[in-house]
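Each chain is listed here by its residues.
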Amino acid sequence: MALNKLEHLQGLLRSYGSCLVAYSGGVDSVFLAFVAHQVLGDKCLAALADSPSLPRRELDEAVAIASRFSIPLQIVRTTEFENPAYVSNPNNRCYFCKHELFTQLTPLARSGPFAVVAYGENASDVGDHRPGAQAAGEFQVLAPLKEAGLTKSEIRALSAQMGLPTADKPQMACLSSRVPYGEAVTPEKLRMIEEAEYVLRDLGFHDVRVRHHELTVGGRAASLARIELGVEELPQILVEGNYARVAQALRKIGYAHVTLDLQGYRRGSVNEIPPISAPIHNPNLTPA
């Protein structure tokens, strides 16, 4: 079944003639860029968006993977942090991020020239809270993985068969997703989150999120780190002094309080907080 879907995907990519792939270094975009390069050769370009929401290690890894598989790559600097609607962090923040991305990629594709822009939405994403898909629709960005019916598990299995190092890579949403909706997203907060997650990953933890919360304690602002780990990994932080090591390191980063979420890592835990939406049709933010 998955092989039939792969053939469908290859046929779709071939029908485009040329393609610019929105590339992040994650499971889906690496798979899409790899297959597109197989099918289209130099008529395919991967474009990697760089901003404060992308961890530096993720950037380096994405570049290394593209180089390893000879996938043509261009890094594009996006400016979503100049958009107040993004920085205010509404629950449709991803719309403004993807709108900025596709605003950058559309002229890049035209100058390529590349016939289409594609991104890594897959069949498992249907029904998820994905405001970015609205921006993709407005810019006529294609989702060939979804159109071919490829699910996340099938993409991982095919990636393993193809020797892609991302086959078992954990889900890696942008750093801004660690800040609860309604709390402003800033480069400084994202720097703290990034460094805090490095502490945990360097200790061997696999599924990691450090959720950043702003508190007022005694009339003064303070930052709290709420650590989420894979449920099976939770016991490991309580042994060999890991909990003390993590707490000390995160306090040096700037967190006044460090907590462990006993429910463990779960996608979209910030969605458990009542959402705050930003208007998309603000005259100053009207999609192109």
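Please read all numbers here as calculations on a predicted model, not as lab measurements.

> Looking at this model, I keep getting lost on the overall build of the protein. Mind explaining?
Across its full length, the protein holds 10 helices and seven strands. What you see for the protein is a C-alpha radius of gyration of 20 Å, in line with the 19 Å of a compact globule of 288 residues. Projected onto its principal axes, the C-alpha positions of the protein cover 60 × 50 × 30 Å. Across the 288 residues in the protein, those meeting the buried criterion constitute 50%. Long-range pairs, those at least 24 residues apart, make up 73% of the contacts in the protein with a sequence separation of at least 6. Charge centroids of the protein, computed over 28 positive and 31 negative side chains, lie 1 Å from each other.

> Explain the side chain of Ser53 to me, please; I cannot follow it from the model alone.
Following the sequence through the fold, Ser53 ends up in the loop between strand 2 (44-50) and helix 3 (56-68). Reaching out from Ser53, the side chain makes a polar contact with the side chain of Ser51 at a distance of 3.0 Å. Among all residues touching Ser53, those that are not within four sequence positions of it are Glu80, Phe81, Tyr86, Cys174, Leu175, Ser176 and Leu190.

> What am I meant to see in the pairing of strand 2 here?
Here is the key point about a regular strand: its side chains alternate between the two faces of the sheet. The element strand 2 is extensively covered by neighbouring structure, given that six of its seven residues are classed as buried. Relative to strand 2, strand 1 (residues 19-23) runs parallel, the two being bridged by five bridges. Bridge assignment links Tyr23 to a residue of strand 2, and that residue is Leu48. Crossover connection from strand 1 via helix 2 (residues 27-40) to parallel strand 2: handedness right-handed. The pairing of strand 2 with strand 3 (residues 73-77) spans five bridges and is classified as parallel. Bridging across to strand 3, Ala46 finds its partner in Leu73.

> What is the right way to look at the pattern of salt bridges in this model?
Opposite charge on two side chains makes pairing possible when the charged atoms of those side chains draw close. Evaluated as defined, the whole model comprises 16 salt bridges. With a shortest N-O distance of 3.0 Å, Arg57 and Asp202 are connected by a salt bridge. Placement of the pair is Arg57 in helix 3 and Asp202 in helix 9 (residues 187-202), with a sequence separation of 145 residues. Under the relative-accessibility criterion, Asp202 is labelled exposed at 54%.

> What is the right way to look at unusual backbone geometry in this model?
Note the cis peptide between Gly112 and Pro113, where omega equals -10°. Among the structural elements, Pro113 can be located in the loop between helix 5 (93-111) and strand 4 (116-118). One non-glycine residue, Asn89, adopts positive backbone phi at about 65°. Inspection of the secondary structure assignment puts Asn89 in the loop between helix 4 (84-87) and helix 5. Although it is not a glycine, Glu240 adopts a positive phi angle of roughly 55°. With respect to the helices and strands, Glu240 occurs in the loop between strand 6 (220-229) and helix 10 (242-253).

> How do you make sense of the nonpolar core when you look at a structure like this?
Across soluble globular proteins, nonpolar side chains show a tendency to be buried alongside one another. With 43 residues, the main nonpolar core has Leu20, Phe102, Leu105, Leu200, Leu229, Leu250 and Tyr255 as its most contacted residues. Setting aside residues up to four positions removed in sequence, Leu250 forms contacts with Ala196, Val199, Ala225, Ile227, Tyr255 and Val258. Listed in part, the 35 residues of the second largest apolar core include Leu13, Leu48, Ala148 and Leu164.

Reading the values: rules and limits
- Residues numbered from 1 in each chain as written.
- Predicted model: local features only at pLDDT ≥ 70, side-chain atom pairs only at ≥ 80, totals over all residues.
- Heavy atoms only, no water.
- Helix = DSSP H or I, 4+ residues; strand = E, 2+ residues; numbered from the N terminus.
- Rg over C-alpha atoms; globule rule 2.2 N^0.38 Å.
- Buried < 20%, exposed > 50% of the residue type's maximum accessible area, 1.4 Å probe, protein only.
- Contact = heavy atoms within 4.5 Å.
- Lys, Arg positive; Asp, Glu negative; His and termini not counted.
- Charge placed at Lys NZ, Arg CZ, Asp CG, Glu CD.
- Polar contact = N/O pair within 3.5 Å; in protein donor to acceptor, adjacent residues only side chain to side chain.
- Pairing = 2+ DSSP bridges.
- Right-handed = clockwise from strand over helix to strand, strands pointing away.
- Salt bridge = Lys/Arg side-chain N within 4 Å of Asp/Glu carboxyl O.
- Core = buried A, V, L, I, M, F, W, Y, C linked by side-chain atoms within 4.5 Å.

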